[in-house]
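Structure at a glance
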Amino acid sequence: MNQGKVVEEMADMKIELSATFQKELLQAIPSYLEIKDAFVASDAGQVSAFAKAALKKFKAIKTDDLGKMEKSHFEQSLKMLDAISSNENIENQREHFVILNENLIALAMNAEQGSNTLYVQKCPMANNNKGAIWMSLEKDIRNPYYGDAMLTCGSVIEEIK
């Protein structure tokens, strides 16, 4: 699937998120960013540990008022966090990270960000040359799919404000 097209479709989706869900989601995003940074460092043990911590934070988010599509994105995000946390193979973790990002970014793009800007970034070579996206607080590319091998491969494709 073309990741650029995925982001365009995400922007066009009419996802409705309650103020409470948005607030709780934004409070959990820093735990996602820790996972992303551990991927940049290619540290499977840290990725797993941070994913476990993030899973706890994300599971605490109240989802009672989510619609069917929103709940599906959220539940898929939880499944991917669980798969990443219970795995010590960095390549397998990265495969799950692709799916986590597709679902989590769809939600984050529809949440009021407050003071922080999140950058949606894309590496065209990740995911078997299909491309893969991720979020970052920095504009500078630090690729979580290849780490040191191709640290700066990618570009900013969207800003979430």
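The text that follows walks through the structure, step by step, so that each part is easy to find. What you are looking at is a predicted structure, and each value in this text was computed from that prediction instead of being measured. (Residues numbered from 1 in each chain as written. Predicted model: local features only at pLDDT ≥ 70, side-chain atom pairs only at ≥ 80, totals over all residues. Heavy atoms only, no water.)

To continue, consider the layout of surface pockets. By volume, the largest pocket amounts to about 220 Å³. As for the largest pocket, its lining consists of E91, R94, E95, V98, A126, N127, N128, Y145 and Y146. For the lining of the largest pocket, the elements supplying multiple residues, two or more each, are α5 (90–108) and α6 (126–129). In terms of residue class, the lining of the largest pocket is made up of 4 nonpolar, 2 polar and 3 charged. (1 Å grid on protein atoms, 1.4 Å probe; cavity = no way out; pocket = protein on both sides within 12 Å on 5 of 7 lines; lining within 4 Å. Points joined across faces, edges and corners; volume = space filled by probe spheres on them. Helix = DSSP H or I, 4+ residues; strand = E, 2+ residues; numbered from the N terminus. Nonpolar A, V, L, I, M, F, W, Y, C, P; charged D, E, K, R; others polar.)

Moving on to the pairing of strand β1 (residues 118–123). Within β1, 6 of the 6 residues are buried, which leaves it mostly tucked inside the rest of the structure. The side-chain alternation of β1 yields two buried faces, one formed by L118, V120 and K122 and the other by Y119, Q121 and C123. One ladder, built from 5 bridges, connects β1 with strand β3 (residues 155–160); its direction is antiparallel. Within β3, the position partnered with Y119 by the bridge is E159. The sheet contact formed by β1 and strand β2 (residues 132–136) spans 5 bridges and is antiparallel. By the bridge assignment for β2, Y119 is matched with S136. (Buried < 20%, exposed > 50% of the residue type's maximum accessible area, 1.4 Å probe, protein only. Pairing = 2+ DSSP bridges.)

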